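Architecture and fold: a report
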Amino acid sequence: MAFLTKLSKASSLARACLSRCMSNLPENTVYGGPKPQTSNQRVTLNQLKQKYRRGEPITVVTAYDYPSAVHLDTAGIDICLVGDSASMVVHGHDTTLPISLEEMLVHCRAVARGADRPLLVGDLPFGTYETNTVQAVDTAARFLKEGGMDAIKLEGGSPARITAAKAIVEAGIAVIGHVGLTPQAISVLGGFRPQGKNISSAIKVVETAMALQEAGCFSVVLECLPAPVAAAATSALQIPTIGIGAGPFCSGQVLVYHDLLGMLQHPHHAKVTPKFCKHYARVGDVINKALLEYKEAVTNGSFPGPSHSPYKMNADDVNGFFEELEKLGLHQAASAATEAAEKMNTEQ
């Protein structure tokens, strides 16, 4: 019996060693328990709550791929929102409605690989959560399980949307609500129109925001509202508000990555770029200039020059290569290789 016990222990140790050897993670990650708290650790809901209580503004920016996620991570942005605005600024649609769940999950996975620090929030796309609470919870779960998100965002404040938000929260998934201009509802709103501009509309915004808080949302986006309405909603709530075109009195602000960087200047984007957006750069102009310069350099033959042609053959190998090509009857190819070698040596 003692022999069998020793054999079992030895077998367990062997399996553990094998697992460690086969793992691509460091030993202390596999066996060391919880990671130590560091400044680069993922932003948590508790940290956001602490910022909110201290009155510190919360920063939110959208991202849709690995490079944009890395930029947000480097800048120390608090929340990275994988928005359904990808439908417009990435896929070129006029609205957010066409983007599918599968497309959103692709964007989410790319962002999750690039952003280590921000809280990651995925936007539930139109048509994926409105039918019933089962559909809403299933879709939200896919954002966490397949998309690598930490939380989700859903639009609107109708009773069905409030119920969906509550069900998702009860399923253990953190939710951001969204009131005011809700782009997924443009069919009902009659286009991208600001909300809360009259008494009844303003009261509805505040009441809807409070209902989302009651449903368990940890934050609410306020979009395209007069500043006094956003201020009232922010005051009435005990959770952070994130403004976009809603004035300076919210708990934080969000902008679309492409908009704040000034990345797109074509007529379609000029048509849909919101008036409230501030361009912090003109990256689109820089990109256009670089592409024109590249085109000119390729056209006039100045690129690639010697400094961008780093891979070399020594003289003996060039001669041997020439001879082998000649044996194969590839006389023009042999001449081309020799001329290229002589030209590169001369230019260097």
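Naming follows an unreviewed UniProt entry, where the protein chain appears as 3-methyl-2-oxobutanoate hydroxymethyltransferase of Durio zibethinus. Looking at the protein chain in UniProt, the text filed under Function (unreviewed entry) is "Catalyzes the reversible reaction in which hydroxymethyl group from 5,10-methylenetetrahydrofolate is transferred onto alpha-ketoisovalerate to form ketopantoate." As its UniProt record puts it under Catalytic activity (unreviewed entry), the protein chain is described as follows: "(6R)-5,10-methylene-5,6,7,8-tetrahydrofolate + 3-methyl-2-oxobutanoate + H2O = 2-dehydropantoate + (6S)-5,6,7,8-tetrahydrofolate".

Here we look at the overall build of the protein chain
Scanning the protein chain from terminus to terminus reveals 16 helices and 8 strands. In the protein chain, buried positions account for 38% of the 348 residues. Across the protein chain, every contact between residues at least 6 apart in sequence was considered, and the portion connecting residues at least 24 apart equals 56%. Of the roughly 19,800 Å² that the protein chain leaves accessible, carbon and sulfur atoms contribute 59%.

A closer look at the confidence of the model for the protein chain
Here the protein chain averages 87 in pLDDT, and 83% of its residues register 70 or above. Taken together, the stretch residues 1-7 has pLDDT below 50 and engages in 0 contacts with residues farther than four places along the chain or on a different chain. Contacts for the low-pLDDT stretch residues 13-38, under 50 throughout, to residues beyond four places or in other chains number 8 contacts.

Remarks on a nonpolar patch on the surface
On the surface, a cluster of nonpolar side chains totalling about 290 Å² of accessible area is made up of Tyr-294, Val-298 and Phe-303. For Val-298, the position within the fold is in helix α14 (residues 283-300).

Considerations on helix α4 (residues 66-75)
Every α-helix carries 3.6 residues per turn, so stepping three or four residues along brings you back to the same face. When we look at burial in α4, the residues that qualify are Ser-68, Ala-69 and Leu-72. Down the axis of α4, the buried set is contained in an arc of 100 degrees. They therefore lie on one face. Within two residues after α4, Gly-76 carries a phi angle of roughly 75 degrees, on the positive side.

Quick notes on the pairing of strand β6 (residues 219-223)
Residues in a regular strand point their side chains to alternate faces of the sheet. Counting buried positions over the 5 residues of β6 gives 5, a clear majority of the element. Of the two faces of β6, the one holding Ser-219, Val-221 and Glu-223 and the one holding Val-220 and Leu-222 are both buried throughout. Where strand β5 (residues 174-180) and β6 come together, 5 bridges link them in parallel fashion. Across the sheet, the residue bridging to Val-179 is Leu-222, located in β6. The pairing of β6 with strand β7 (residues 241-244) spans 4 bridges and is classified as parallel. Residue Val-220 lies in a different strand from β7, and its bridge partner there is Thr-241. In this region the chain leaves β6, passes through helix α11 (residues 227-236) and returns to the parallel neighbour β7; the handedness of that crossover is right-handed.

As for unusual backbone geometry
Here Phe-303 and Pro-304 are connected by a cis peptide whose omega angle stands at 0 degrees. Note that Pro-304 resides in the loop between α14 and α15 (315-327). Phi angles above zero are rare outside glycine, and Cys-224 is one such case at about 50 degrees. With respect to the helices and strands, Cys-224 occurs in the loop between β6 and α11.

Cut-off values and rules
Residues numbered from 1 in each chain as written. Predicted model: local features only at pLDDT ≥ 70, side-chain atom pairs only at ≥ 80, totals over all residues. Heavy atoms only, no water. UniProt positions renumbered as here; feature names shortened; annotations may be inferred. Helix = DSSP H or I, 4+ residues; strand = E, 2+ residues; numbered from the N terminus. Buried < 20%, exposed > 50% of the residue type's maximum accessible area, 1.4 Å probe, protein only. Contact = heavy atoms within 4.5 Å. Areas by Shrake-Rupley, 256 points an atom, 1.4 Å probe, with all protein chains shown as cover. pLDDT = per-residue confidence, 0-100. Patch = residues over 30% accessible without salt bridge, like charges linked within 9 Å, V, L, I, M, F, W, Y side chains within 5 Å. Salt bridge = Lys/Arg side-chain N within 4 Å of Asp/Glu carboxyl O. Arc of directions from axis to C-beta. Pairing = 2+ DSSP bridges. Right-handed = clockwise from strand over helix to strand, strands pointing away.

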